[in-house]
Amino acid sequence: IIIAPQSMVGVDSSIIGALKEMTEAAGDRPIILINPDLTDKVSSQGQQNVRGRQDRIDFANSFQTIYHFQNIYVSGTSYFPILGSMTKLSPRGPWVAHQRRDLMNEDG
């Protein structure tokens, strides 16, 4: 179980290398990532090459989302108002979007 793996901005700050080592060490056993952020970050002074970037993106995309919950809110603001949520409740289950309804003012 790996909690909140994420890369930082800068040279040699990608989590992907360390994460690859952990997955190789785990062999055929399952790996659980909780709240991962495996998006590729910009390197300091552009020192990471394009080929390496594609390898990092391909590795990050090799993981399968099993369960997911995410609130939906207007980007750039605080986490309020919550407009809805997005969920995936089982490995083979569908992605479901939920929309918030304001029933007190009968606006929804």
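Just so you know, these numbers come straight off a predicted model, no measurement behind them.

Chemist: Please clarify how the overall build of the protein chain should be interpreted in this entry.
Modeler: What the protein chain contains, in helices and strands, is 2 helices and 5 strands. In the protein chain, which comprises 108 residues, the proportion classed as buried is 20%. Here the protein chain displays about 8600 Å² of accessible surface, and carbon together with sulfur accounts for 54% of that area.

Chemist: Sorry, what's going on with the side chain of T23 here?
Modeler: With respect to the helices and strands, T23 occurs in helix α1 (residues 16-26). Aside from chain neighbours lying at most four places away, what touches T23 is I31, F59 and F63.

Chemist: Mind showing me how you'd approach the confidence of the model for the protein chain here?
Modeler: Where the model shows low pLDDT, its predicted coordinates should not be examined in detail. Residues at a pLDDT of 70 or more form 81% of the protein chain, whose mean pLDDT is 83. Mean pLDDT in the protein chain bottoms out at helix α2 (residues 50-61), which sits at 81, and peaks at strand β5 (residues 95-99), which reaches 95.

Chemist: Would you mind going over the packing of aromatic side chains with me for this structure?
Modeler: To describe a pair of aromatic rings, you give the distance between the ring centres and the angle between the ring planes. In the structure shown here, the tally under the stated rule is 1 aromatic pair. An angle of 85° between the planes, with centres 5.4 Å apart, marks the rings of F59 and F63 as edge-to-face.

Chemist: Would you mind showing me how to read the sheet that holds strand β4 (residues 82-88) here?
Modeler: Two pairing modes exist for strands in a sheet, parallel and antiparallel, and in both the strands are linked by backbone hydrogen bonds. Spatially, 3 strands are ordered β3-β4-β5 in an open sheet, and the strand pairing comes out antiparallel. Looking at the sheet topology across the chains shown, the edges are occupied by β3 (68-73) and β5. Averaged over all pairs of adjacent strands, the angle between strand axes in this sheet comes to 20°, irrespective of strand direction. Note that β3 and β4 share 6 bridges and pair antiparallel.

Chemist: Any chance you could explain the layout of surface pockets here in plain terms?
Modeler: To find leftover empty space, a probe the size of one water molecule is rolled over the atoms. Approximately 800 Å³ is the volume found for the largest pocket. Only β2 (33-34), α2 and β3 provide two or more residues apiece to the lining of the largest pocket. If one sorts the elements of the lining of the largest pocket by residue count, α2 sits on top with 4 residues. By volume, the second largest pocket amounts to about 170 Å³.

Chemist: Looking at this model, I keep getting lost on the pairing of β4. Mind explaining?
Modeler: One face of the sheet, then the other: side chains in a regular strand alternate in exactly this way. Of the pairings in the sheet, the one linking β4 to β5 comprises 5 bridges and is antiparallel in character. In the sheet register, T87 faces β5, and the bridge partner there is V96.

Chemist: What am I meant to see in the nonpolar core here?
Modeler: Taken as a class, soluble globular proteins show a tendency for nonpolar side chains to be buried jointly. If you look at the biggest cluster of nonpolar residues, it comprises 8 residues: I2, I15, I16, L19, L33, L38, F59 and A60. For this core, the secondary structure elements donating two or more residues are α1 and α2. Not counting chain neighbours up to four residues away, the residues in contact with I2 comprise L19, M22, I31, I32, L33 and I34.

Chemist: Quick question: what am I supposed to make of α1 here?
Modeler: Because an α-helix completes one turn every 3.6 residues, residues spaced three or four positions apart along the sequence face the same direction. Among the residues of α1, those classed as buried are I16, L19, T23 and A26. On an axial view of α1, the arc spanned by its buried residues comes to 85°, and they lie on one face. Among the exposed residues of α1, those oriented more than 90 degrees off its buried face are E21, E24 and A25. With its phi angle positive at about 65°, G27 sits one or two positions after the end of α1.

Calculation rules
- The residue numbers shown here count from 1 along each chain, following its written sequence.
- Only residues with pLDDT of 70 or above have their local features reported here, since the model is predicted, and side-chain atom pairs are shown and tallied only from 80 upward, although totals for entire chains, interfaces and linings are computed over all residues.
- Excluded from the side-chain calculations are hydrogens and water; all other atoms, namely the structure's heavy atoms, are used.
- Per the convention used, a helix needs a DSSP run of H or I reaching at least four residues, while a strand needs a run of E reaching at least two, with both numbered from the N terminus.
- Three exposure classes are used, based on accessible area relative to the maximum for each residue type with a 1.4 Å probe and protein chains only: buried under 20%, partly exposed in between, and exposed over 50%.
- We get accessible surface area from the Shrake-Rupley algorithm with a probe of 1.4 Å; when it comes to residues, only the shown protein chains can shield them.
- A contact between two residues is defined here by any heavy atoms of the two lying within 4.5 Å.
- For every residue, the predictor assigns a confidence score, pLDDT, that lies between 0 and 100.
- Note on aromatic contacts: the rings of Phe and Tyr and the six-membered ring of Trp form a pair at centre separations within 6.5 Å, being stacked when their planes are under 30 degrees apart, edge-to-face when over 60 apart, and tilted otherwise.
- Paired strands are those between which DSSP finds at least two bridges.
- Simply put, an axis is a line fit to the C-alpha atoms, just over the touching stretch for a helix, and the angle between two N-to-C directions goes from 0 to 180 degrees.
- Using a grid of 1 Å spacing that covers the protein atoms alone, one calls a set of points a cavity when a 1.4 Å probe fits there but cannot get out, and a pocket when the set is open and has protein on both sides within 12 Å along at least five of seven lines; lining residues are those with an atom within 4 Å of a point.
- Grid points are joined across faces, edges and corners, and a volume is the space filled by probe spheres set on the points.
- Residues belong to one nonpolar core when they are buried, are Ala, Val, Leu, Ile, Met, Phe, Trp, Tyr or Cys, and are joined through side-chain atoms within 4.5 Å.
- This arc is taken over the directions from the axis of the helix to the C-beta atoms.

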